[in-house]
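Chain and residue survey
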Amino acid sequence: MSRADALRRGRAKHTVEELRRTPMGSLVVCGDRQLLFEEAPTAYKRIEQVIADLVEHDLATPVATTIPLVTYKTPEQRDQRDHRRKRGRA
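1. What to know about the overall build of the protein chain
Tallying secondary structure elements over the protein chain gives five helices and two strands in all. Helices and strands in the protein chain line up, N terminus first, as α-α-β-α-α-β-α. Among the 90 residues that make up the protein chain, the fraction classed as buried is 23%. For the protein chain, restricting intrachain contacts to residue pairs at least 6 apart in sequence, the fraction spanning at least 24 positions comes to 65%. A total accessible area of about 7,100 Å² is found for the protein chain, and carbon and sulfur atoms account for 55% of it.

2. Looking at a nonpolar patch on the surface
Taken together, the side chains of L27, V29, L69, V70 and Y72 make up a nonpolar region of the molecular surface, amounting to roughly 500 Å² of accessible area. Residue assignment for the nonpolar patch shows that the elements contributing at least two residues are β1 (27–30) and β2 (70–73).

3. A look at the pattern of salt bridges
In this structure the tally under the stated criterion is one salt bridge. The salt bridge involving E48 is made with R46; its shortest N-O contact spans 3.5 Å. Using a relative accessible area of 47% as the deciding quantity, one classes E48 as partly exposed.

4. Points about the layout of surface pockets
Reported here for the largest pocket is a volume of approximately 970 Å³. Around the largest pocket, the lining is made up of 25 residues, and of these P23, M24, P41, I47 and P68 lie nearest the centre. Those elements that place two or more of their residues in the lining of the largest pocket are α2 (16–19), α4 (47–56) and β2. Of the residues contributing to the lining of the largest pocket, the split by class is 13 nonpolar, five polar and seven charged.

5. With respect to the confidence of the model for the protein chain
In this model, the protein chain carries an average pLDDT of 81, and 82% of its residues clear a pLDDT of 70 or more. Looking across the protein chain, the model is least confident in helix α5 (residues 75–89), with a mean pLDDT of 61, and most confident in α4, with 95.

6. Looking at the pairing of β1
Regular strands place side chains that alternate from one sheet face to the opposite one. Burial along β1 is one-sided: V28 and C30 are buried, and none of L27 and V29, which face the opposite way, are. Note: β1 against β2, four bridges, orientation parallel. Note that in β2 the partner of V29 across the bridge is Y72.

Calculation criteria
Residues numbered from 1 in each chain as written. Predicted model: local features only at pLDDT ≥ 70, side-chain atom pairs only at ≥ 80, totals over all residues. Heavy atoms only, no water. Helix = DSSP H or I, 4+ residues; strand = E, 2+ residues; numbered from the N terminus. Buried < 20%, exposed > 50% of the residue type's maximum accessible area, 1.4 Å probe, protein only. Contact = heavy atoms within 4.5 Å. Areas by Shrake-Rupley, 256 points an atom, 1.4 Å probe, with all protein chains shown as cover. Patch = residues over 30% accessible without salt bridge, like charges linked within 9 Å, V, L, I, M, F, W, Y side chains within 5 Å. Salt bridge = Lys/Arg side-chain N within 4 Å of Asp/Glu carboxyl O. 1 Å grid on protein atoms, 1.4 Å probe; cavity = no way out; pocket = protein on both sides within 12 Å on 5 of 7 lines; lining within 4 Å. Points joined across faces, edges and corners; volume = space filled by probe spheres on them. Nonpolar A, V, L, I, M, F, W, Y, C, P; charged D, E, K, R; others polar. pLDDT = per-residue confidence, 0-100. Pairing = 2+ DSSP bridges.

What follows is the structure, encoded as structure tokens:
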């Protein structure tokens, strides 16, 4: 899903308070409200399905399960991704 779609759908589906905690209870630290919505879990594929697909095609073997305690998101990370994306198109 594009960032614009994630932002639009995230605002319609989630509150800021909901996005500050993950379903596993870990804390999300983010001072940029737009980035918080762009990075909403619904913007991504379910990791369980991605792993299952990789295992099915013998591309990966799971060896551990981790649970994040804190996720820290900054606008600088988004700016760096945008810069890399633009550079790759040139």
